[in-house]
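# Observations on the three-dimensional arrangement
Here is what each chain is made of, one letter per residue.
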Amino acid sequence: MRDVYLLGVGMTKFGKYPEIPIEHLGRNAVFEAIKDANINPVEIESAYCGHAFQGSTAGQRVLVELGLTGFPITNLENACASGSTAFREAFYAVASGRNDISLAIGIENLSNKFKGALGPDETDLEAKMGLTMPALYAMRAKRYMYEFGLKKEHLASISVKNHKNALENDRAMFGAKITINEVLKSKMIADPLHKYDCNPVSDGASAALLVSKKVAKQVGGRPIKVLASALTSGKYEPGFINMTFEDITNRCALSAYKTAGVGPEDIDFAEVHDCFTIAEILRVEGIGFCNPGEMISWIEEGKTEINGYKPINPSGGLIGKGHPLGATGVAQMFEIARQLRNEAGDRQINNPRIGLAHCRGGAVAGTEGAACAVHILMKE
Amino acid sequence: MTKLKLVKERNGNYVLNGNKCKVCNIVFFPKKEVCISCFSSNNLEEFGLENIGILHTYTIVHRSFPQFNTPYTIGYVDLLNSGVRVFAPIKDSAPDSLNIGDEMKIIFETDEKGQVNYYFVRKVE
Ligand SMILES: [Zn+2]
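Procedures and definitions
What you see as residue numbers is a count from 1 along each chain, following the sequence as written. By the order in which they are written, chains take letters starting at A while ligands take numbers starting at 1. Note on the predicted model: pLDDT of at least 70 is required for a residue's local features to be given, and 80 or more for side-chain atom pairs to be given and counted; whole-chain, interface and lining totals, by contrast, use all residues. Only heavy atoms go into the side-chain values, all of them from the structure, while hydrogens and water stay out. Note: domain ranges come from an automatic or database domain assignment. We call two residues in contact whenever any of their non-hydrogen atoms come within 4.5 Å of each other. Values labelled buried area give the accessible surface lost by two parts on being combined, using a 1.4 Å probe and summing over both. Buried Ala, Val, Leu, Ile, Met, Phe, Trp, Tyr and Cys residues form a nonpolar core when they are joined through side-chain atoms within 4.5 Å. Summary of the burial criterion: residues with accessible area below 20% of their type's maximum are buried, those above 50% are exposed, and those between are partly exposed, where the area comes from a 1.4 Å probe applied to protein chains only. Secondary structure elements are taken from DSSP: a helix is a run of H or I of four residues or more, a strand is a run of E of two residues or more, and numbering for both begins at the N terminus. Think of a salt bridge as a Lys or Arg side-chain nitrogen and an Asp or Glu carboxyl oxygen that are within 4 Å of each other. A 3.5 Å cut-off defines polar contacts: any pair of N or O atoms within that distance qualifies, except that in protein one atom must be a possible hydrogen donor and the other a possible acceptor, and neighbouring residues in sequence count only when both atoms are side-chain atoms. Under the scheme applied, nonpolar residues are Ala, Val, Leu, Ile, Met, Phe, Trp, Tyr, Cys and Pro; charged residues are Asp, Glu, Lys and Arg; polar residues are all the others, including Gly. In this analysis, axes come from line fits to C-alpha atoms, helices being fitted only over the stretch in contact, and the angle between any two N-to-C directions falls in the range 0 to 180 degrees. An angle below 35 degrees is treated as roughly parallel, one above 145 as roughly antiparallel, one from 65 to 115 as roughly perpendicular, and anything else as oblique. A patch is a set of surface residues, each over 30% in relative accessible area and not in a salt bridge, joined within 9 Å for like charges and within 5 Å for the nonpolar side chains Val, Leu, Ile, Met, Phe, Trp and Tyr. The Shrake-Rupley method, run with a 1.4 Å probe sphere, supplies the accessible areas, and residue values consider only the shown protein chains as cover. Asp and Glu count as negative and Lys and Arg as positive, but His and the ends of the chain are not part of the count. Where a charge sits is defined by one atom per residue type, namely NZ (Lys), CZ (Arg), CG (Asp) or CD (Glu).

The next thing to look at is the domain arrangement of chain A. All names here are of chain A. Domain annotation of chain A identifies domain 1 (4–114 + 202–226) and domain 2 (125–199 + 228–378). Each of domain 1 and domain 2 has a C-alpha centre, and these two points are 23 Å apart. Taken together, the contacts link 46 residues of domain 1 with 37 residues of domain 2. Of all residues in domain 1, Met11, Phe14 and Cys80 give up the largest surface area on contact with domain 2, accounting jointly for 21% of the area buried on that side.

Okay, structure coming up:
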């Protein structure tokens, strides 16, 4: 396997774009990534496009807007982890020696795809009985409260932090200065989760260029080394699944640490899949930053704030930035690159060296989830 | 896709319709056609699940899919003999006073289309 470098990133501002076709959102993100990497676009040898609901060969439809055609383009679906899955495939295209330059794209436009609320999938028995995604996480939060003494205020302070971080991020949809009280007064979605505990539905696109060492050296710039790319699926195991500790996240992170030759203590900050406030807690514990239940004291001590011991979701995360399913995983790389290059402006972490991105997606009954990806990146 | 039959009748009562691998001693609900442990389809036998369990967690849902009337309560109940966690709605006049660890009972109900549905209630001593 060869060393792989992240050379360029791009993303649209996340938001609601019912009037903008996905091809245009995708084009803008790819264009920015190419400019950022400072490469000749005709040298791109392959592209991987992650999305959940954008129809057949969406990657080709995006890239034809820029005349980027005539090389292999592959479309990937892994629910909310589609973008991370695309990033991983572009990584392996370079790591395997097949390509010197590969492009990862994440795209999603939900507001011009679905009018009104989504109904349950006919094949999903639990959804047909009333299990919504927020309700599932609400039940995990209730269980966590029972086991560890978590309070609603702890959840709310994650929402306050992520909205505050997003305020300093010009690509975020939902930056806001809000208080714990305002979170607790926002509409109840599923007890104990309020509206501001949940990620907002959004649209957007993101892109990343992955290159070999040879290309990284030729181009110069500020390449970032991808130390590990791990992907796994939720295990079907008979018996009672632990709802407060994420095996899928933990296995994936351990595999990434092993490949990267680093441990959680070496990671300076992380972007994690905070689809709900409780999810941020489960994921930070799942990637081994602290022990089960310990996030309660971490929140109280401000350890996950931008200036804290382990900043979590400096971009604002899914809650503050928005969550256009397929675009999320690659957008995490945008933030990792910005932070490692010290280009994050008012949300800049103090000179970080190693960042971690965690993304997961999908629900399959009897398992903990469909897909989980962990990437570790380091500035050289 | 064939529709899963989640409920069956046994001695005039309804039970959750699972199956069990008699070699591996694992209960599946909904049924599986292949045991995930021995990877054989020959060792599976019919198994009706018990209708008593322990509330693992629950929530009161206030915003849902358009066709659902809110608020409603749902939860996961652990059937300790079968080793299966079951999801279903909870019917309770005071859901705010539910507690994790409560003993719950599965109740079966036939709807206007003749389909048998199930939900949980608190088991009252
Ligand atoms: Zn078996």
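Turning next to the nonpolar core. In this structure, Ile278 and Ile376 of chain A together with Leu16 and Tyr118 of chain B are the most contacted members of the largest nonpolar core, which totals 79 residues. Per element, the largest residue contribution to this core is seven residues, and it comes from helix H5 (residues 133–148) of chain A. By size, the runner-up hydrophobic cluster in this structure holds 32 residues, among which are Leu6, Ala95, Ala327 and Ile349 of chain A.

The next point concerns the interface of chain A and chain B. Across the boundary between the two partners, chain A contributes 31 residues, which contact 36 residues of chain B. In total, about 2900 Å² of surface goes out of reach between chain A and chain B, with carbon and sulfur atoms giving 70% of it. For the chain A face of the interface with chain B, the top three residues by lost area are Met129, Met139 and Phe240 of chain A, together amounting to 24%. Where chain A meets chain B, there are zero salt bridges. Where chain A packs against chain B, one counts nine residue pairs in polar contact (both at pLDDT 80 or more). Those elements that place two or more of their residues in the side of chain A that touches chain B are helix H4 (125–128), H5 and strand E5 (188–190) of chain A. The element that contributes the greatest number of residues to the side of chain A that touches chain B is H5 of chain A, accounting for seven residues. A class-by-class count of the residues in the side of chain A that touches chain B yields 20 nonpolar, five polar and six charged.

For the rest of this paragraph, the subject is the pattern of salt bridges. Side chains carrying opposite charge are able to pair once their charged atoms draw close together. All names here are of chain A. One pass over the structure, following the stated rule, counts 30 salt bridges over all chains. Glu246 is paired through a salt bridge with Arg360; the nearest N and O atoms lie 3.1 Å apart. With a gap of 114 residues between them, Glu246 in the loop between strand E8 (224–232) and helix H9 (247–260) and Arg360 in strand E10 (residues 354–361) connect regions that are remote in the sequence. The buried category is assigned to Glu246, whose relative accessible area is 0%. Here the residues in one salt-bridge network are Glu32, Asp36, Asp170, Arg171, Arg222, Arg338, Arg341 and Glu343, joined through shared partners.

When two helices pack together, their arrangement is given by the angle between their axes and by how far apart the axes lie. Residues and elements named next belong to chain A. At a minimum axis separation of 5 Å, helix H3 (residues 82–95) and helix H13 (residues 325–340) run at an interaxial angle of 55°. It follows that H3 is oblique to H13 by the angle criterion. In contact with Ser82, Gly83, Ser84 and Phe87 of H3, H13 contributes Gly326, Gly329, Val330, Gln332 and Met333. Of the residues in the contact of H3 with H13, the class split is three nonpolar, six polar and no charged.

What follows is about a positive patch on the surface. On the surface, a cluster of positive charge is contributed by Lys16, Lys187 and Lys195 of chain A together with Arg63 of chain B. Tracing the backbone through its elements, the reader meets Lys195 of chain A in the loop between strand E6 (193–194) and strand E7 (204–212).

With that out of the way, let us pick up the domain arrangement of chain B. All names here are of chain B. Parsing chain B into structural domains produces domain 1 (1–49) and domain 2 (50–125). Relative placement of domain 1 and domain 2: their C-alpha centres are 21 Å apart. Taken together, the contacts link 11 residues of domain 1 with 12 residues of domain 2. Buried area between domain 1 and domain 2, both sides added, is near 910 Å², and the carbon and sulfur share of it is 73%. Contact with domain 2 buries surface across domain 1, with Tyr14, Leu16 and Leu49 losing the most and accounting together for 54% of the total. Taken together, the connections running from domain 1 to domain 2 amount to zero salt bridges. Between domain 1 and domain 2 we count zero residue pairs in polar contact (both at pLDDT 80 or more) in total. When residues of the side of domain 1 that touches domain 2 are assigned to their parent elements, the largest contribution, three residues, is made by strand E2 (residues 13–21). Of the residues in the side of domain 1 that touches domain 2, the class split is nine nonpolar, one polar and one charged.

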